[in-house]
Number of protein chains: 2
Amino acid sequence: MPKTVDHDERRSMILGAFVTLAVRDGLHAVSMRSVAAEAGISLRLVQYYFKTKAGLMQSGLAMLENVSNERWEKRVLSLPEASTAKETLRALFAEALPTDRQRREFHLLWTAYAVLGQTDPEIPNHMVVAGPSRLLQRVVSLFRQGKALGEFDIELDADSEAAVLLGLIHGLSTAVMIGLQSGDAAMELLTCHLDRLDVGKK
Amino acid sequence: MPKTVDHDERRSMILGAFVTLAVRDGLHAVSMRSVAAEAGISLRLVQYYFKTKAGLMQSGLAMLENVSNERWEKRVLSLPEASTAKETLRALFAEALPTDRQRREFHLLWTAYAVLGQTDPEIPNHMVVAGPSRLLQRVVSLFRQGKALGEFDIELDADSEAAVLLGLIHGLSTAVMIGLQSGDAAMELLTCHLDRLDVGKK
DNA sequence: GTTTTTATGATACGACTGTATCACAAAAAT
DNA sequence: ATTTTTGTGATACAGTCGTATCATAAAAAC
């Protein structure tokens, strides 16, 4: 084997250029050539590492999910060790709402992929649903845990509350994205929503 | 003046072809030529009636908002005359959730425009926010009305509740769109959410 | 040292894009 | 009847796209 170049490192460098362009010009406007130029390499190399454009797009989505999962993981682990379910959920709000550049980029790209997945056979729907589906299960178990520990009303349905909360997060994120709501207002609304689920509030 | 052709009718016929293609192939994949072919006319005519592609895209968004407003208007007017605010809001759920082809198409296209508005200077953000902004005000006044008539708890903040409800509608719609939730489940969740705002539930 | 495998560059092909131009038909205005 | 305005077709231009091909450098394997 030749030149001994770190394949994975190269791939993620190219994906970095891909994300930069997708955020700046829109996911649909990314081309093999523009990625090559942004990464400072030749078109041939982008082809070499990702074969086709569909491969590049799919890898982009996969990386997006990975990065987001890692960020959320990290944030949860950096919480005080015996945190309540409510505090963990508030950390989720902070991670999900597009209140700074990184998070705006994620929400923008994920939504673009979700739209693309509806019409483009190259982005199969299961790749789009996989992330939210895992997250939903996680939130469900957080609600179960919160109920068991007496944080939340024992009557409430964990599946329903998780679905509502995730929907609310995404919807408010979009509202923030288009400038209908401020990031602070959205955070406040989510907090209030969660507070309504407290024990004894019925 | 010649041939006396109905300009507006022609424009909306072309926009019909535009929507058909945008839903089938994705908003980004629509081209002047494909619209011409779909409408059964020549490329020149699409140019003639919409001048540039940006003009076509902007008109598409404007038509989308108009059609949606008309449908919502019609649905509210067809309600029994002295309907409660809650019932009017439930009509909004039914209109907004992507439970059939028409409503799926609207949600898909609107989201595509919202994404496009983040990166494409040809789709200024204010065109995207205008619709949701009007809708928000409307929902706010429905909450005020509901409070005044004793449907809702007098303590709740109309602005906050409206923002939450709209966010929830959009978020659940996206969940339905990607297949994370069923349309029926989303409708049920929205109904339950509204029921929690009833008087005496605190 | 030759062979084989990995990595990279240059370039070409056909298809498609938005826009512009030239020509012309047909109806209204004069 | 001529002129002017409105509507329509055909076509050309320059650019970009994804993909494929040919050549080759360089390192490892033998």
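Quick caveat: nothing in here was measured; it's all calculated off a predicted structure. (Residues numbered from 1 in each chain as written. Chains lettered and ligands numbered in written order. Predicted model: local features only at pLDDT ≥ 70, side-chain atom pairs only at ≥ 80, totals over all residues. Heavy atoms only, no water.)

A. Expanded view of the relation of the copies chain A and chain B. The two copies are related by a screw operation: chain A maps onto chain B through 180 degrees of rotation and 0.0 Å of translation along the axis, at an RMSD of 0.0 Å. Such a combination of turn and shift is consistent with a two-fold rotation axis. Of all interface residues in chain A, 100% are interface residues in chain B too; the two copies therefore contact each other through one and the same surface. (Least-squares fit on C-alpha atoms with pLDDT ≥ 70 in both. Contact = heavy atoms within 4.5 Å.)

B. Main features of helix α1 (residues 7-25) of chain B. For α1 of chain B, spanning 19 residues, the distance from its first C-alpha to its last is 27 Å, which sits close to the expected 27 Å at 1.5 Å a residue. Every buried residue of α1 of chain B is listed here: Ile14, Leu15, Ala17, Phe18, Val19, Leu21, Ala22 and Val23 of chain B. The elements touched by buried residues of α1 of chain B are α6 (101-119) of chain A together with α2 (32-39), α3 (43-50), α4 (53-77) and α6 (101-119) of chain B. (Helix = DSSP H or I, 4+ residues; strand = E, 2+ residues; numbered from the N terminus. Expected span 1.5 Å × (residues − 1). Buried < 20%, exposed > 50% of the residue type's maximum accessible area, 1.4 Å probe, protein only.)

C. Just the packing of aromatic side chains, in detail. Residues and elements named next belong to chain A. Counting across every chain of the model gives four aromatic pairs over all chains. Here the aromatic rings of Tyr48 and Tyr49 are separated by 5.2 Å at their centres, their planes lie at 85 degrees, and the arrangement is edge-to-face. A relative accessible area of 8% means that Tyr49 is categorised as buried. Geometrically, the ring pair formed by Phe143 and Phe152 is tilted, given 5.2 Å between the ring centres and 40 degrees between the ring planes. Phe152 matches Phe143 in its accessibility class, with the two residues each being buried. (Phe/Tyr/Trp six-rings, centres within 6.5 Å; stacked < 30°, edge-to-face > 60°.)

D. Broad picture of the pattern of salt bridges. Residue and element names in this part refer to chain A. Under the counting rule described, the total for this entry stands at 22 salt bridges over all chains. Note that Arg103 and Asp100 form a salt bridge whose closest N and O atoms lie 2.6 Å from each other. By relative accessible area, Asp100 is classed as partly exposed at 30%. Taken together, the shared-partner salt bridges connect Arg71, Arg75, Glu95, Asp100 and Arg103 into one network. (Salt bridge = Lys/Arg side-chain N within 4 Å of Asp/Glu carboxyl O.)

E. Representation of the interface of chain A and chain B within the structure. Chain A puts 42 residues into the contact, and the matching count from chain B is 42 residues. Taken together, the connections running from chain A to chain B amount to two salt bridges. Those elements that place two or more of their residues in the side of chain A that touches chain B are α1 (7-25), α6, α7 (125-148), α8 (158-177) and α9 (183-195) of chain A. Looking at the side of chain A that touches chain B, the element that brings in the most residues is α8 of chain A, giving 11 residues.

F. Spatial organisation of the side chain of Ser59 of chain A. Residue and element names in this part refer to chain A. By the element assignment, Ser59 lies in helix α4 (residues 53-77). Classification of Ser59 by relative accessible area gives buried; the value is 16%. In contact with Ser59, not counting residues within four places along its chain, are Arg11, Leu15 and Phe50.

G. Representation of the packing of α7 of chain A against α8 of chain A within the structure. Residue and element names in this part refer to chain A. Packing of α7 against α8 leaves a shortest axis separation of 8 Å and a crossing angle of 125 degrees. Classed by the angle they form, the pair α7 and α8 counts as oblique. Considering the relative orientation of α7 and α8, their crossing is right-handed. Where α7 abuts α8, its residues Pro132, Leu135, Leu136, Val139, Val140, Phe143 and Arg144 lie against Ala158, Asp159, Glu161, Ala162, Ala163, Leu165 and Leu166. Looking at side-chain class alone, the contact of α7 with α8 contains 11 nonpolar, no polar and three charged residues. (Axes fitted to C-alpha atoms, helices over the stretch in contact; angles between N-to-C directions. Parallel < 35°, antiparallel > 145°, perpendicular 65-115°, else oblique. Left-handed = near helix turned anticlockwise from the far one by under 90°. Nonpolar A, V, L, I, M, F, W, Y, C, P; charged D, E, K, R; others polar.)

H. Spatial organisation of the domain arrangement of chain A. Residues and elements named next belong to chain A. For chain A, the assigned domains are domain 1 (1-51) and domain 2 (62-195). Averaged C-alpha coordinates put domain 1 and domain 2 at centres separated by 29 Å. Taken together, the contact between domain 1 and domain 2 spans six residues of the former and seven residues of the latter. Both sides together, the interface formed by domain 1 and domain 2 hides about 630 Å², and carbon and sulfur atoms give 88% of it. Among the residues of domain 1 in contact with domain 2, Val19, Val23 and Leu27 are the three that bury the most area, contributing 71% of the side total. For the pair domain 1 and domain 2, the number of links is zero residue pairs in polar contact (both at pLDDT 80 or more). Along the lines of polarity and charge, the residues of the side of domain 1 that touches domain 2 split into six nonpolar, no polar and no charged. (Domains from an automatic or database assignment. Buried area = accessible area lost by both parts, 1.4 Å probe. Polar contact = N/O pair within 3.5 Å; in protein donor to acceptor, adjacent residues only side chain to side chain.)

I. Representation of unusual backbone geometry. Residues and elements named next belong to chain A. A positive phi angle, near 65 degrees, is found at Lys51, a position not held by glycine. Along the chain, Lys51 turns up in the loop between α3 (43-50) and α4. Here Lys51 falls in the exposed class, since its relative accessible area comes to 69%.

J. Up close: the nonpolar core. If you look at the biggest cluster of nonpolar residues, it comprises 92 residues, and the most contacted ones within it are Leu89 and Phe143 of chain A together with Leu89 and Phe143 of chain B. When residues in this core are grouped by element, the largest group, 12 residues, is from helix α8 (residues 158-178) of chain B. If we skip the residues at most four places from it in the chain, Phe143 of chain A touches Leu89, Phe152, Leu156, Ala158, Glu161, Ala162, Leu165, Leu194 and Leu197 of chain A. Ranked by size, the runner-up nonpolar core spans 34 residues in total, among them Tyr49, Met57, Tyr113 and Ile123 of chain B. (Core = buried A, V, L, I, M, F, W, Y, C linked by side-chain atoms within 4.5 Å.)

K. Local environment of α1 of chain A. Close packing links the buried residues of α1 of chain A with α2 (32-39), α3, α4 and α6 of chain A together with α6 of chain B. Two residues or fewer after α1 of chain A comes Gly26 of chain A, characterised by a positive phi angle close to 100 degrees.

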